[in-house]
Amino acid sequence: MCGIVGIIDLSGGRGADGLRLQVLRMMRAIEHRGPDMSDSWIDPDAGVALGFQRLSIVDLSEAGAQPMVSASGKSVICYNGEVYNAPEMTELLGADRPVFRGHSDTEVLLEACEKLGAVEAVRATIAMFAISLWDRQTRTLRLFRDRLGIKPLYWIYRPGNLFAFGSELHALRALDGLNWSIDQRGLLEYMRTAYVPAPRTIYQGVQQLMPGQMLTFNEQHEPRIEDFWSLADSVRQSARQPFDGSEDQAVEALESLLSDAVGRRMVADVPLGAFLSGGYDSSTVAALMQAQSQSPIRTYSIGFDVDAYNEADHADAVAAHLGTDHTRFNVSSDEALDIIPKLSEIYDQPFADSSQIPTFLVSQLARQHVTVALSGDGGDEVFAGYNRHTQADMIESRIGSLPSAVRKVASGGIRSMSPKMWDQIIGVLPSRVRPQHPGEKLHKVADIMRVGDGDPYRALTSLWQQPESLLTDAPSIQPDQSEQLPSELPDLLSRMQFADTIGYMPGDCLTKVDRASMAASLEVRVPLIDHRVVEFAWTLPKHMKVRDGAGKWLLRQVLYKHVPKSLVDRPKMGFGVPIDQWLRGPLRDWAEDLLEPHELSLGGLRHSVIREAWSNHLNGRANNQYGLWTILMYQAWRRREKLA
């Protein structure tokens, strides 16, 4: 895992020394992504500089160093990620391939791009990546971001001045002579979702490359972006060729695919382990790792001193059953709170998924012993594991058939009691059947009922139902993700899964893991979103995903072959922290400072709306933790970046 940066000087005024100084500043800004080594490659005549921060994983020698020039001297690569099928790609190069200097996947990828063509080589990979490839003959730059958006890649183009890219916005902020202003559309979407969806960023004129895209740039043309892979194409292909085998055959096929995906991600020249929460996803990954290891694998979990947020006992039980070398770190609220001032530095633009805190803590813990960790991220999106997925059938078959007036009355009835009151009522149920945070979930259902025939996905995933009410200068047109939905999606469940996979997963989940792990200089690999697994999952019928009110049916059948049901079957908890309690207690003064009316106005926010939400949260009339956390993370980030 590494960090990459690059600049093309279009002004012609920087010269060799200017290019070198600029690229070094960009590299230093993301040194945490690769503390083992750094290097740059500069072509003053072309006005190009590439920089690389290395976290050594495969081929720790100088032969694996980047930026790397091809054997012919024609191409230069700067690449962040891992290619898991490098041996097979080596065979594709044929007998006339060059003599390799080492055994790094970087060299294989570079030579494959030259021999097969960049697009065909990238399509042949099983990998996660952000790639920059410079063609010295045509003076053309190509950027690639992996199919599911595991690795980030940002870019900026100023005609007549520069084109630049980097693994994080921190690198672009290190560029000289540029003005930075907030993109109001990006800010609006952030307030709704707690992340800035690609291709936008929080900055005007700076973009993220979307998952599965290639950007081509040379001095004669504007940046050109095209897909080399898309989930929509996979959905269309699965509609033409759905899985038609038995349930037993489906279980066997998935286990085979997942075992291969996990096994490929266990290849490293450094110690590796796995995150283990005790849930379905991480337990499946750990079980398949242990099945392929001759010795106990290393697993890591975080425990909290608040029972409703503590999964560590479940992780202990799964680890004991599998026989892993397990490390549990029990975190006090004070230790977790100490991380909060660092969040605006770790995340290069506003980001407000509160599970960023335990994710960073478990990354820190694992990094004390290993350099690579496998995680179960992506399982919810691929196998329909979110509560909103299991609610989809109910929404479509029951709520959807109710008259609008009835839905609105029912919605009002639910909302007549606060989430806290619902928690107390439902709290009398046995813990084995009682969902976590039932009051919040009921209020989400009420939001869907109130939407009626509108977009239930947006209602379910919006932290603020009317985010434009928060901004003093809100844009008049809001993005509509439903425009991207393929017509082949037959039902609400599949539409939700699609929207989660192209939006929420890369924008929230994978961003969270990338920044938290990279801040600890830890590489995280995610086998459940190997693109072959994703493509297979889309061929499956709905009843192999959601059944009897529970998601992940097929994934659970694979897990049950390795871990008893009794150890993993329980209501979904999530990987969170008690932000609601902290905001009323130890974080109150910190929050009050950031939510002071003048401070809110500086951030372009309407303080009257936000102060009312803050007051209602403090006095217990509402649990506004997630919406308020979004405001607070934006305010803390803005203050750190010194943006008015």
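Residues numbered from 1 in each chain as written. Predicted model: local features only at pLDDT ≥ 70, side-chain atom pairs only at ≥ 80, totals over all residues. Heavy atoms only, no water.

S.K.: Which residues make up the overall build of the protein, and what values do they have?
M.R.: Secondary structure assignment for the protein yields 28 helices and 17 strands. Relative to the 2.2 N^0.38 estimate, which gives 26 Å for 644 residues, the radius of gyration of the protein is 24 Å and therefore close to what a compact globule would have. If you line up the protein on its principal axes, its C-alpha atoms span 70 × 60 × 50 Å. For the protein, the proportion of its 644 residues judged to be buried stands at 58%. Total accessible area on the protein is roughly 24,600 Å²; 49% of this is exposed by carbon and sulfur atoms. Here the protein carries 66 positive and 81 negative side-chain charges, and the mean point of each set is 3 Å from the other. (Helix = DSSP H or I, 4+ residues; strand = E, 2+ residues; numbered from the N terminus. Rg over C-alpha atoms; globule rule 2.2 N^0.38 Å. Buried < 20%, exposed > 50% of the residue type's maximum accessible area, 1.4 Å probe, protein only. Areas by Shrake-Rupley, 256 points an atom, 1.4 Å probe, with all protein chains shown as cover. Lys, Arg positive; Asp, Glu negative; His and termini not counted. Charge placed at Lys NZ, Arg CZ, Asp CG, Glu CD.)

S.K.: Just give me the short version of the sheet that holds strand β9 (residues 162–166), but keep the residues and values in it.
M.R.: Pairing in this open sheet of 6 strands is antiparallel, and the strands run β2-β3-β1-β9-β8-β10 from one edge to the other. Unpaired on one side and paired on the other, β2 (37–43) and β10 (206–208) mark the two borders of the sheet. On average, each strand axis in the sheet is tilted by 10° relative to the strand beside it, whichever way the strands run. Sheet strands touched by helix α1 (residues 15–29): β1 (2–9), β2, β3 (48–54) and β9. Its angle to β3, the strand with the most contacts, is close to 30°. (Pairing = 2+ DSSP bridges. Axes fitted to C-alpha atoms, helices over the stretch in contact; angles between N-to-C directions. Contact = heavy atoms within 4.5 Å.)

S.K.: Go over a negative patch on the surface with me, naming the residues and quoting the values.
M.R.: On the surface, a cluster of negative charge is contributed by Asp305, Asp334, Glu335 and Asp338. In this structure, aspartate 305 sits in the loop between β14 (298–304) and α10 (312–322). (Patch = residues over 30% accessible without salt bridge, like charges linked within 9 Å, V, L, I, M, F, W, Y side chains within 5 Å. Salt bridge = Lys/Arg side-chain N within 4 Å of Asp/Glu carboxyl O.)

S.K.: I'd like a rundown of the pairing of β1, residues and numbers included.
M.R.: With 8 of 8 residues buried, β1 lies mostly within the body of the structure. Of the two faces of β1, the one lined by Cys2, Ile4, Gly6 and Ile8 and the one lined by Gly3, Val5, Ile7 and Asp9 are each fully buried. Relative to β3, β1 runs antiparallel, the two being bridged by 7 bridges. Across the sheet, the residue bridging to cysteine 2 is arginine 54, located in β3. In terms of strand pairing, β1 meets β9 through 5 bridges, oriented antiparallel. If you follow isoleucine 7 over to β9, its bridge partner there is alanine 164.

S.K.: I'd love a proper account of unusual backbone geometry, names of residues and values included.
M.R.: Here the amide bond leading from glutamine 66 into proline 67 is cis, since omega sits at -5°, within 30 degrees of zero. Positionally, proline 67 belongs in the loop between β3 and β4 (68–69). Residue proline 199 is reached from alanine 198 by a cis peptide bond, and omega for that bond is 10°. In the Ramachandran plot, alanine 194 falls in the positive-phi region, its phi being about 80° despite a non-glycine side chain. By the element assignment, alanine 194 lies in the loop between α6 (184–193) and β10. For alanine 194, a relative accessible area of 3% puts it in the buried group. The phi dihedral of lysine 642 falls on the positive side, at around 60°, and the residue is not glycine.

S.K.: Describe the packing of aromatic side chains, naming the residues involved and giving the relevant values.
M.R.: Within the structure shown, the criterion is met by 15 aromatic pairs. Measuring from ring centre to ring centre gives 5.8 Å for phenylalanine 144 and phenylalanine 228, while their planes differ by 65°; the resulting arrangement is edge-to-face. Residue phenylalanine 144 is found in strand β7 (residues 140–145), and its partner phenylalanine 228 is found in the loop between β12 (224–227) and α7 (231–240); the two are separated by 84 residues along the sequence. Exposure remark for phenylalanine 144: the relative accessible area of 0% places this residue in the buried category. Geometrically, the ring pair formed by phenylalanine 243 and phenylalanine 536 is edge-to-face, given 5.8 Å between the ring centres and 80° between the ring planes. Here the residue phenylalanine 243 occupies a position in the loop between α7 and α8 (247–264), and phenylalanine 536 occupies one in helix α21 (residues 531–537), the gap between them amounting to 293 residues. A residue is classified by how much of its surface remains accessible, and phenylalanine 243, at 22% relative accessible area, is partly exposed. With relative accessibility at 13%, the residue phenylalanine 536 sits in the buried group. In textbook terms, an aromatic cluster arises when at least three aromatic residues are bridged by ring pairs, as seen for Trp155, Tyr157, Phe163 and Phe217. (Phe/Tyr/Trp six-rings, centres within 6.5 Å; stacked < 30°, edge-to-face > 60°.)

S.K.: Would you mind going over the nonpolar core in detail, with residue names and values included?
M.R.: Membership of the largest hydrophobic core comes to 176 residues, with the highest contact counts inside it found for Leu172, Ile357 and Trp629. Considering every element that reaches this core, the biggest residue donor is helix α20 (residues 492–519), with 12 residues. For leucine 172, the residues in contact, after removing those within four places along its chain, are Met26, Tyr154, Trp155, Ile156, Ala164, Phe165, Gly166, Trp180 and Val206. The next biggest cluster of nonpolar side chains, apart from the first, holds 22 residues, and it includes Trp41, Cys78, Trp134 and Leu209. (Core = buried A, V, L, I, M, F, W, Y, C linked by side-chain atoms within 4.5 Å.)

S.K.: Account for the sheet that holds strand β11 (residues 213–217), with residues named and values stated.
M.R.: Taken in spatial order, the 6 strands line up as β4-β5-β6-β7-β11-β12 in an open sheet, and their pairing is antiparallel. A strand with exactly one partner marks an edge of an open sheet, and here the two such strands are β4 and β12. In terms of strand pairing, strand β5 (residues 75–83) meets strand β6 (residues 127–135) through 9 bridges, oriented antiparallel. For cysteine 78, the partnering residue across the bridge sits in β6 and is serine 132.

S.K.: Could you give an account of the environment of valine 609, naming the residues involved and the relevant values?
M.R.: Assignment of secondary structure puts valine 609 in helix α27 (residues 607–618). A residue is classified by how much of its surface remains accessible, and valine 609, at 27% relative accessible area, is partly exposed. The spatial distance from the C-alpha of valine 609 to the C-alpha of methionine 266 is 50 Å, given a sequence separation of 343 residues. Other than its neighbours up to four places away in sequence, valine 609 contacts Ser469 and Leu470.

S.K.: With reference to specific residues and values, describe the environment of proline 438.
M.R.: Position of proline 438 relative to the elements: it lies in helix α18 (residues 438–451). Since its relative accessible area comes to 8%, proline 438 is described here as buried. For the pair proline 438 and glycine 427, spaced 11 residues apart in sequence, the C-alpha separation works out to 8.7 Å. Setting aside anything within four residues of it in sequence, one finds proline 438 in contact with Asp423 and Ile426.

In short, shape yes, function no, at least from these values alone.
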